[in-house]
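One letter stands for each residue in the lines below.
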Number of protein chains: 2
Amino acid sequence: MGISERKKKILAAVVDEYIRTAEPVGSKAIAASAGLGCSSATIRNELAELVSLGYLEQPHTSAGRVPTPMGYRMYVNELMQKQKLSLEETEDINRRMNQKLRELDDTISEVSRLASQLTDYPALALTTRTAVTIRRFDIIYVDANTFIIVALLSDNTVKNKLVHLPVSVDQKLVQRLSSLFNAGFTNITADAVTPLLINSTERAADDTMGVTSVIAAFTIEVLSEAEAPSAYVSGENRLLNQPEFRDPDKAHRLMGYLSGGGYVLPPDGELDEADGIRVLIGPENVAEELKDSSVVIATYDAGDNTRGMIGVIGPTRMDYSTVAAKLSILAAGLSKRLGGGVAPPAGMHNKLIIKGDSGNE
Amino acid sequence: MGISERKKKILAAVVDEYIRTAEPVGSKAIAASAGLGCSSATIRNELAELVSLGYLEQPHTSAGRVPTPMGYRMYVNELMQKQKLSLEETEDINRRMNQKLRELDDTISEVSRLASQLTDYPALALTTRTAVTIRRFDIIYVDANTFIIVALLSDNTVKNKLVHLPVSVDQKLVQRLSSLFNAGFTNITADAVTPLLINSTERAADDTMGVTSVIAAFTIEVLSEAEAPSAYVSGENRLLNQPEFRDPDKAHRLMGYLSGGGYVLPPDGELDEADGIRVLIGPENVAEELKDSSVVIATYDAGDNTRGMIGVIGPTRMDYSTVAAKLSILAAGLSKRLGGGVAPPAGMHNKLIIKGDSGNE
DNA sequence: TATTAGCACTCGAAGAGCGGGAGTGCCAAC
DNA sequence: GTTGGCACTCCCGCTCTTCGAGTGCTAATA
């Protein structure tokens, strides 16, 4: 367990240096950099012990040392000095986030893009929502063949659909259906929309042209879509910045995995840090494709059954502290914006003004 | 101009072979493959002439020949045998496209993804819309602090926005505003929404709480967003499949360009083919980053001021005929679905049922 | 005159061989 | 426990060589 203070310092120095240079680090380099007053020979002894303890490894005899996943783990858990971003940096991130959020409606995908830009690694963002329901239906009669369905969901997103029918529809029918749907289809989840319910509604509305089923289909679509987790990946190409991905095959495999979608998420275990950051190092990842990469994940709370993650993927030799610090700010920003009471949705297609939201707290 | 029939055959054989293998092709290989009954020596003579004519080049003395951009151009214009996809393939593409379009609302980005899947090259899709207007406003009063704006645009997309105010709003005011906006803000473009217009509307509605400006802001946002061209890139990582992008730097540069967005579009010149396919070979591209890649573009017509492109990017040695054939089907499918009268939008967030649309013509 | 076979030549790719040097492990001295 | 010293190891990068595919040319052939 307890390894000597000096070993820790040396380990930290190795990891820091390796993160910086991506090359095995030798005893002399450490003697020079870390401020512990001892000579390379001493450090060599310590390094040898760190190797036998499993924190470091040598690519081959007479090369420098490289951290093992266990070494990174130790580094992340205990040694890493928490990066305290400067005020300017923090402000810059917040400003850029605000700007993104103002300009665009697709919050989550934009924030994932921002994360990728800030860290220079590929980033991904996920949301999971549960138990979304429709709070209210409105049906706008446009002309005899056309109407618009508008649904306000429980998470304060609005969905709509323009329906164009080959037959004429009576405005009265539309009104009847509107009432019926507001009575029968609100506050229920997708699986509660049964054929039975649809049929009885159709009869009650005296609908002979199948308008009911169109609206019901929309309802199901909206509900199941809203509950489906959504994922965005951005900046896959930044992978190629990293020397460990100079091998095109390796890069290709990982990029394929990333753009493929089906992420194997880690079990929702305990967090590494109080601030909600998780670090998954190399083999700690569940997905085979990530076994020699690392993932840093920040979770945010978008209120109301919605929880999301925003994460960054890189080589095991990644700059954990900076990345963690930046993600932390992003996640906090998202929580603040999305979690506070009226929650605009992740990846939804509409906007929400919360007047007076700007700035305070 | 006119080069002998045999030269053409040989040139075609070189291009075909090079497309297949990505390696300089030698005289012997051609003698074996192409069915012209002459020996490698003869072919060598012809090859030498093709080189001096500028259709081929040699990476170095005593290597096989590789097509020049001019060679590809000749190939695309005259020699390439139009790939006639089998019925199954065509049906497969159509089926997959239908499936995508049924499942998802974001037509264009999905089709771009599909194009990338089908061709195994990165794909991009763009739309340009002009002169979109709002045809009709509806404002749904939800509660004293909340209402939903719904706008039906001239291209039959529907946009909405949930507005949440810190102050109570009178339902009457909302109704007045609804009428005023329908009278004053429909059928105009973004730049016609002047402060003057907004102010006079505000006065006419007797609005003291700034609701008018919220709706006006939404109007401007919707209109300018609808007119802005949108672009989607998918499958950047497929670039790495191509041997010419085994050099990570090269791959990185192009991928950076692709995910960067700002595409330098080719002048809207004449098309190579009657079926609306354009091929831009290597240096024919305007963008510096594309100078040694090729782009195949199909245009589709989404009716009503909307025109789009769907394209594929690959090495100059790309499989022009297959790609062109596949894009052609996709573009035709898009035109059919989007162009026919009531046009569901590109990249918009709502859906359109056109009953009875299935299949015919 | 066009085609073909033959042959010497060219040039890159792949492999072998060879320092150089960074880094180690160990030992003896402090 | 620390340090300097030193022999040793092994990768990296270099050159050198070989190998072979493919050429260009020439002379013979239809």
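For the structure, check the block above.
What this report covers is the structure whose coordinates are included nearby. Just so we're clear, the structure is a prediction, and the values are computed from it rather than from any experiment.

We now examine the protein's contact with DNA strand C. Neighbouring DNA strand C are 20 residues, the closest being Ser 27 of chain A together with Arg 6, Ser 39, Thr 42 and Ser 62 of chain B. Close to the protein, within 4 Å, the atoms of DNA strand C are drawn from sugar and phosphate at a rate of 73%. The separation between a phosphate oxygen of DNA strand C and a polar side-chain atom of Arg 6 of chain B is 2.8 Å. In this structure, Ser 39 of chain B approaches DNA strand C through a main-chain N or O atom, which is 2.9 Å from a phosphate oxygen. Looking at the surface near DNA strand C, the elements that each hand over two or more residues are helix H3 (40–53) of chain A together with helix H3 (40–53) of chain B.

All names here are of chain A. Across the sheet, which stays open at both edges, the five strands sit in the order S7-S3-S10-S9-S8 with antiparallel pairing between neighbours. Each edge of the open sheet carries a strand with a single partner, namely strand S7 (230–234) and strand S8 (277–280). The average angle at which neighbouring strand axes cross in this sheet is 15°, direction not considered. One ladder, built from four bridges, connects S8 with strand S9 (residues 293–301); its direction is antiparallel. Along S9, the bridge assignment pairs Val 279 with Val 296. Sheet strands in contact with helix H6 (residues 107–119) are strand S3 (123–129), S7, S9 and strand S10 (306–315), and its direction is about 30° off that of S7.

As a further point, take the sheet that holds strand S10 (residues 306–315) of chain B. Residue and element names in this part refer to chain B. The sheet built from five strands is open, its strands ordered S7-S3-S10-S9-S8 with antiparallel pairing. Pairing within the sheet leaves two strands with one partner each, and these edge strands are strand S7 (230–234) and strand S8 (277–281). When the angles between neighbouring strand axes are averaged without regard to direction, this sheet yields 15°. Of the pairings in the sheet, the one linking S8 to strand S9 (residues 293–301) comprises five bridges and is antiparallel in character. Along the sheet face, helix H6 (residues 107–119) touches strand S3 (123–129), S7, S9 and S10 and points at about 30° away from the line of S7.

Turning to the packing of aromatic side chains, a few remarks are in order. Residue and element names in this part refer to chain A. Across all of its chains, the model carries six aromatic pairs over all chains by this definition. Aromatic ring contacts, followed pair by pair, group Phe 137, Phe 181 and Phe 185 into a single cluster. The side chain of Lys 250 reaches across the aromatic face of Phe 245, ending 5.4 Å from its centre.

What counts, and where the lines are drawn
- Residues numbered from 1 in each chain as written.
- Chains lettered and ligands numbered in written order.
- Predicted model: local features only at pLDDT ≥ 70, side-chain atom pairs only at ≥ 80, totals over all residues.
- Heavy atoms only, no water.
- Near = heavy atom within 4 Å.
- Polar contact = N/O pair within 3.5 Å; in protein donor to acceptor, adjacent residues only side chain to side chain.
- Helix = DSSP H or I, 4+ residues; strand = E, 2+ residues; numbered from the N terminus.
- Pairing = 2+ DSSP bridges.
- Axes fitted to C-alpha atoms, helices over the stretch in contact; angles between N-to-C directions.
- Contact = heavy atoms within 4.5 Å.
- Phe/Tyr/Trp six-rings, centres within 6.5 Å; stacked < 30°, edge-to-face > 60°.
- Lys NZ or Arg CZ within 6 Å of the ring centre and 35° of its normal.

Read these as geometric descriptors, not functional statements.
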